[in-house]
Amino acid sequence: SKIRDGLKKTRESMSASVSAMLNSFTKIDESLFEELEELLIMGDVGVETAGRVCEELRRKVKEQGVKDPNDVYDLLRTIVADMLRGGEELKIGTKPSVILVIGVNGVGKTTTIGKLAALLGSQGKKVILGAADTFRAAAIEQLEVWAQRSGAELVKQTQGSDPASVVFDSIAAAKAREADVVICDTAGRLHNKKNLMEELSKISRVIQREAPDADREVLLVLDAATGQNAVSQAREFQSAAEITGIVLTKLDGTPKGGVVLSIREELGLPVKFIGVGEQVDDLQTFDADQFARALFE
Ligand code: GDP
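Nothing here was measured: the structure is a model prediction, and the numbers come from that model.

Draft legend 1. Summary view of the environment of A179. Relative to the helices and strands, A179 is located in the loop between α8 (163-176) and β4 (181-184). Exposure remark for A179: the relative accessible area of 1% places this residue in the buried category. A sequence separation of 49 residues divides A179 from Q228, and the C-alpha atoms of the two residues are 38 Å apart. If we skip the residues at most four places from it in the chain, A179 touches K95, P96, K126, I128 and A174.

Structure, rendered in structure tokens:
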């Protein structure tokens, strides 16, 4: 499957080293848990989360009377799946619903919007894309290409125009054309946090005013290849917006896939989609069990 292929590098690095380590033990003792914790941290699971995983593992080993170190691998898979489960589904029941997509430049925001438009389009939904990253001319052009590719309609203004005004137009277009979902791009400047916060809160006010009863999602796009930096990036954005979920991109090119756990545990945010390639069908709805199976197969 695509998720299995996408997690190849993480599996070959983190999971393979965990498996080899467990194999080298003849019985389960404290040093096994310590080594495991270290390997998880090296796999970008994060110090806090790695500690929690091992704590849960100690508990389960004791509770179930597990004796064979190799059986720890299966337990680990179960714990990871349990940890990642919950909140994956996109809440887009109203017509229209509004999805705001945020994240710094280069993480794969535009590509994700295009893929998501195609995914929702394939489910029979009529999608409007709002080019509210008005800061970069290239962002508008890029989104236009994705609109054509995914069969979505694009709402845009000129470069430099007010992002909130583009969002206003997009919602108006969605109402007029009876679209199901509006997906809005936003500028990815994190270096000026005050501007970002002001821009995002202005956009939120427009959505609240123009579509008060609409289901809303605020998806933060993070690049898995940045590992633990993605977690600090998310914390920055959490102070500027009410994030409802994460899209984790570029899992296919990195051994740092363990960061998924860190995001779920430490930020308390569900991963809703993962990006496993550059093509239009390389966005996968996140499935905790499938993910854990692909990671620790
Ligand atoms: P933006 O600046 O955040 O809008 O980023 P873009 O959408 O332009 O993406 C930046 C680069 O990352 C492009 O070359 C994309 O093709 C690539 N990209 C995006 N998502 C993925 C993914 O899931 N996997 C891989 N391998 N590349 C991706």
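Additional details are given in the paragraphs that follow.
Draft legend 2. Seen up close, the confidence of the model for the protein. Per-residue confidence for the protein averages 96 on the pLDDT scale, and 99% of its residues sit at or above 70. For this predicted complex, the interface score ipTM comes out at 0.99, alongside a pTM of 0.97.

Draft legend 3. Focus on the pairing of strand β2 (residues 127-130). Here β2 shows no split at all, with V127 and L129 on one side and I128 and G130 on the other all buried. Pairing geometry for β2 and strand β3 (residues 153-155), over 3 bridges, is parallel. Counted as the bridge partner of I128 is E153 from β3. This β-α-β element, β2 to helix α7 (residues 137-150) to β3, shows right-handed connectivity.

Draft legend 4. Region of interest: the packing of helix α2 (residues 8-23) against helix α5 (residues 71-84). One way to put it is that α2 packs onto α5 with a least axis distance of 9 Å and a crossing angle of 145°. Across from S15, V18, S19 and L22 in α2, the residues of α5 making contact are V72, Y73 and L76.

Draft legend 5. The nonpolar core, seen in detail. One finds I99, L129 and I183 to be the most contacted residues of the largest nonpolar core, which totals 106 residues. No other element matches α5, which puts 9 residues into this core. Here I183 is in contact with I99, V101, I113, L116, A117, L120, V127, I128, L129 and G130, once residues within four sequence places are set aside.

Draft legend 6. Inspection of the packing of aromatic side chains at higher detail. Taken as a whole and assessed by the stated rule, the structure comprises 2 aromatic pairs. Each ring, one from Y73 and one from F296, has its centre 5.6 Å from the other, and the planes form 85°; the classification is edge-to-face. One end of the pair, Y73, is in helix α5; the other, F296, is in the segment after α12 (288-295), and 223 residues separate them in sequence. Judged by centre distance (5.1 Å) and plane angle (50°), the rings of F286 and F291 are tilted. Per residue, the accessibility class of F286 equals that of F291, and both read buried. R149 extends its terminal NZ or CZ atom over the ring of W146, reaching a point 4.3 Å from the ring centre.

Draft legend 7. The arrangement of the pattern of salt bridges in detail. Evaluated as defined, the whole model comprises 28 salt bridges. E297 serves as the salt-bridge partner of R4, at 2.8 Å between the closest nitrogen and oxygen. Of the two residues, R4 is situated in helix α1 (residues 2-6) and E297 in the segment after α12; the sequence distance between them amounts to 293 residues. For R4, a relative accessible area of 34% corresponds to the partly exposed category. For E297, a relative accessible area of 47% translates into the label partly exposed. The salt bridge partner of R77 is D74, with a shortest N-O separation of 3.2 Å.

Draft legend 8. Just the site of the ligand, in detail. Lining the immediate surroundings of the ligand are 17 residues, of which G106, T110, T111, D252 and E278 lie closest. K115 has a polar side-chain atom sitting 3.5 Å from an oxygen atom of the ligand. At a separation of 3.3 Å, an oxygen atom of the ligand approaches a polar backbone atom of G277. Protein contacts shield 80% of the accessible area of the ligand, which totals 580 Å² for the unbound molecule. Among the elements that take part in the shell around the ligand, helix α6 (residues 109-122) stands out by supplying 4 residues, more than any other. Here the residues of the shell around the ligand are counted per class, giving 3 nonpolar, 8 polar and 6 charged.

Draft legend 9. The arrangement of the environment of I243 in detail. Residue placement: I243 occurs in the loop between α10 (228-238) and β6 (245-249). Taking the C-alpha atoms as reference points, I243 and S165, 78 residues apart in sequence, are found 21 Å from one another. Residues in contact with I243, not counting those within four places in the same chain, are I102, V218, L220, A234, F237, Q238 and L269.

Draft legend 10. Representation of the packing of α2 against helix α3 (residues 30-42) in the model. Interhelical geometry of α2 versus α3 gives an angle of 165° and a closest axis separation of 10 Å. As summarised for this structure, α2 and α3 are arranged roughly antiparallel, according to the angle between their axes. The two elements α2 and α3 meet at a crossing, and its hand is right-handed. Of α3, the residues touching α2 (which contributes M14, S17, V18, M21 and L22) are L32, E35, L36, L39 and L40. In terms of residue class, the contact of α2 with α3 is made up of 8 nonpolar, 1 polar and 1 charged.

The rules behind each value
Residues numbered from 1 in each chain as written. Predicted model: local features only at pLDDT ≥ 70, side-chain atom pairs only at ≥ 80, totals over all residues. Heavy atoms only, no water. Helix = DSSP H or I, 4+ residues; strand = E, 2+ residues; numbered from the N terminus. Buried < 20%, exposed > 50% of the residue type's maximum accessible area, 1.4 Å probe, protein only. Contact = heavy atoms within 4.5 Å. pLDDT = per-residue confidence, 0-100. Pairing = 2+ DSSP bridges. Right-handed = clockwise from strand over helix to strand, strands pointing away. Axes fitted to C-alpha atoms, helices over the stretch in contact; angles between N-to-C directions. Core = buried A, V, L, I, M, F, W, Y, C linked by side-chain atoms within 4.5 Å. Phe/Tyr/Trp six-rings, centres within 6.5 Å; stacked < 30°, edge-to-face > 60°. Lys NZ or Arg CZ within 6 Å of the ring centre and 35° of its normal. Salt bridge = Lys/Arg side-chain N within 4 Å of Asp/Glu carboxyl O. Near = heavy atom within 4 Å. Polar contact = N/O pair within 3.5 Å; in protein donor to acceptor, adjacent residues only side chain to side chain. Areas by Shrake-Rupley, 256 points an atom, 1.4 Å probe, with all protein chains shown as cover. Nonpolar A, V, L, I, M, F, W, Y, C, P; charged D, E, K, R; others polar. Parallel < 35°, antiparallel > 145°, perpendicular 65-115°, else oblique. Left-handed = near helix turned anticlockwise from the far one by under 90°.

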